[in-house]
Amino acid sequence: MSLLKRIEQSQGGGQQEGGVPKPSLPKQPGGAGTPGAGDGSRLSSLQARRVSAPATTPQAGSYFDLKTRVQNKLLAEIDPSMDATKTDEVRRTIQELFEQILTEENIVLSRPERARLFEQIAAEILGLGPLQSLLEDDTITEIMVNGPKNIYIERKGKLHRVPITFESNEHVMRIIDRIVAPLGRRIDESSPYVDARLQDGSRVNAVIPPISLVGPVLTIRKFSKNPITIEQMIQFGSISPEAVQFLKACVEARLNIVISGGTGSGKTTLLNVLSSFIPDDERIITIENAAELQLRQEHVVTLESRPPNIEGRGEVSIRDLVINSLRMRPERIIVGECRGGETLDMLQAMNTGHDGSMTTAHANSPRDAISRIETMCLMAGMDLPVRAIREQIAGAVDVICQQARMRDGSRKVVSITEVSGMEGDVITMTDLFVFEQTGMENGRIIGRTRPTGLRPKFMDKIEAAGIHLPPSIFGIGERRRY
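Small disclaimer: the values here were computed from a predicted structure and weren't measured. (Residues numbered from 1 in each chain as written. Predicted model: local features only at pLDDT ≥ 70, side-chain atom pairs only at ≥ 80, totals over all residues. Heavy atoms only, no water.)

*Asks:* Before we go on, may I ask you to explain the pattern of salt bridges in this structure?
*Replies:* Two side chains with opposite charge may pair up if their charged atoms get near one another. Counted under the stated rule, the structure contains 22 salt bridges. Across the pair Arg 155 and Asp 137 runs a salt bridge, and its minimum N-O distance is 2.9 Å. One end of the pair, Arg 155, is in strand β2 (residues 151-155); the other, Asp 137, is in the loop between α6 (132-135) and β1 (140-146), with 18 residues separating them in the sequence. We classify Asp 137 as partly exposed; its relative accessible area is 23%. Residues Arg 411 and Glu 154 are paired through a salt bridge, measuring 3.4 Å at the closest nitrogen-oxygen approach. (Salt bridge = Lys/Arg side-chain N within 4 Å of Asp/Glu carboxyl O. Helix = DSSP H or I, 4+ residues; strand = E, 2+ residues; numbered from the N terminus. Buried < 20%, exposed > 50% of the residue type's maximum accessible area, 1.4 Å probe, protein only.)

*Asks:* Looking at this structure, I do not really get the sheet that holds strand β13 (residues 411-423). What am I missing?
*Replies:* Strand pairing in a sheet relies on backbone hydrogen bonds. The paired strands run either parallel or antiparallel. One open sheet holds the nine strands; their spatial order is β9-β8-β10-β11-β7-β12-β13-β14-β15, and the pairing between them is mixed. Two strands in the sheet have a free side with no partner beyond their single neighbour: β9 (300-304) and β15 (444-451). Shown here is a sheet whose adjacent strand axes are inclined to one another by a mean of 25°, direction ignored. Here strand β8 (residues 284-288) pairs with strand β10 (residues 332-335) via four bridges, running parallel. Paired with Ile 284 across the two strands is Arg 332, which belongs to β10. Relative to the sheet, helix α13 (residues 366-378) contacts β7 (257-261), β11 (358-362), β12 (399-405), β13 and β14 (426-441), its axis offset from that of β14 by approximately 135°. Running at roughly 120° to β13, helix α14 (residues 386-396) makes contact with β13 and β14 of the sheet. (Pairing = 2+ DSSP bridges. Axes fitted to C-alpha atoms, helices over the stretch in contact; angles between N-to-C directions. Contact = heavy atoms within 4.5 Å.)

*Asks:* Can you walk me through empty space enclosed by the protein in this structure?
*Replies:* One water molecule sets the probe size; rolling that probe over the atoms shows where empty space is left. Enumeration over the complete set of coordinates arrives at one cavity of 30 Å³ or more. There is about 60 Å³ of room inside the largest cavity. Forming the walls of the largest cavity are Val 258, Cys 338, Thr 343, Met 346, Leu 347, Met 350, Thr 359, Thr 360, Ala 361 and Ile 373. Going through the elements one at a time, α12 (342-350) and β11 are the ones with two or more residues in the lining of the largest cavity. No other element matches the four residues that α12 contributes to the lining of the largest cavity. (1 Å grid on protein atoms, 1.4 Å probe; cavity = no way out; pocket = protein on both sides within 12 Å on 5 of 7 lines; lining within 4 Å. Points joined across faces, edges and corners; volume = space filled by probe spheres on them.)

*Asks:* It is not clear to me how the side chain of Ser 420 should be interpreted in this structure. Could you clarify?
*Replies:* Mapped onto the secondary structure, Ser 420 falls in strand β13. Polar contacts involving the side chain of Ser 420 include one to the side chain of Thr 428, which spans 3.0 Å. When sequence neighbours within four positions are dropped, the list of residues in contact with Ser 420 reads Thr 428, Met 429, Thr 430 and Lys 457. (Polar contact = N/O pair within 3.5 Å; in protein donor to acceptor, adjacent residues only side chain to side chain.)

*Asks:* Explain the sheet that holds strand β6 (residues 217-221) here, please?
*Replies:* Taking strand neighbours across the sheet as the criterion, the six strands line up as β3-β2-β1-β6-β5-β4 in an open arrangement whose pairing is antiparallel. Pairing within the sheet leaves two strands with one partner each, and these edge strands are β3 (158-161) and β4 (193-197). Between one strand axis and the next, the sheet turns through 15° on average, direction left out of account. Of the pairings in the sheet, the one linking β4 to strand β5 (residues 203-207) comprises five bridges and is antiparallel in character. Looking at β5, one finds that Asp 195 is bridged to Asn 205. Along the sheet, helix α7 (residues 169-180) makes contact with β1, β4, β5 and β6, crossing β4 at roughly 55°.

Structure (structure tokens):
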């Protein structure tokens, strides 16, 4: 996005709800209402109100008027032709102009207050306004904006309200527009919700009035700048080393894997981790609603669906992309999430030579995942008998990996299940690993993903790929012959 566009979006930041402009302080240096060198009483009054008033009440007055005034003057003096992508250069320019304006206006602020004012103004121009500090905090995993005055975060699996606010509904809307505009998405009264992403892959969902009754609602699921590694998952207790070794073998042996779990259970994170096991010499095609996967292989083609335009045309669905990807010589197809008719096409791909494909689905258990896949296949509009769909599922899916968000906020792999075939009209499944809780310690769940002692039927596929797993991985004694 050009700096001119950012400036246009930043202007109007001094409006209150309803679009009524806030009163500005007079511009004469040291004049009435200006906290200058000769206005110690006004400055002390401002500082007193800053101390006594809670951070959630933007009606603190003078500070916000001062911020708006300095910001507007800065925007008037900055060169709109500057390249906003050169963040460091633009930031230095803003810093120089900021210091110059404070000197010209004879505005005296303490060093912390000056730094805070500059960071807020820089965030309005270069970042996402009040949310910028939250986005830069690596301990925060989710940001939830419920209208301009209520902002919550998720940290270590728990929700907390933060003392940060927007100035108005219009202020929130400007930030939403700044997120969705570069992606070619739109949000307005005719299309009042949108899925989008940030540059780092963080997932964004926005809902605005008239659908939302509390003002614009913005939900950001942050992605770590450095993707979580399998070593970190083991360290966090999300999965055991034996289960990791088994899943790594499944990926390398080109078994088809479905990752199921509830909302926010860590499905995409696990999909990222499992994708890292794919060899570098394979062609991978990823298909998502909003590109989130962060694959490190060289030969990766990323496809993203597109919503219809304002005329209702031009939609490119996940199903369209799955069908098209079959003509792109894929060796692995990774669908970020199956939620509709594309599930049938994904099963077809798994059954027609695209072994080693992976996807995620919302479900509370492996058995629920099978039922959901059946239902989503019926959503494709094909009048297929249920038995035919179940045969497709049994032939296509090899492993279902179940994720769960535990009561303490932690995410864990609670089961790894083999889809072993069919008996009559029922798909048979075998648990290979299950999470066993052993207790609680300081409010945290203690447990481990343990093997069940059963050997999967597809073990011959793993061995045919030249991978030999020790019997101990499955909890089988070393002396036991199988």
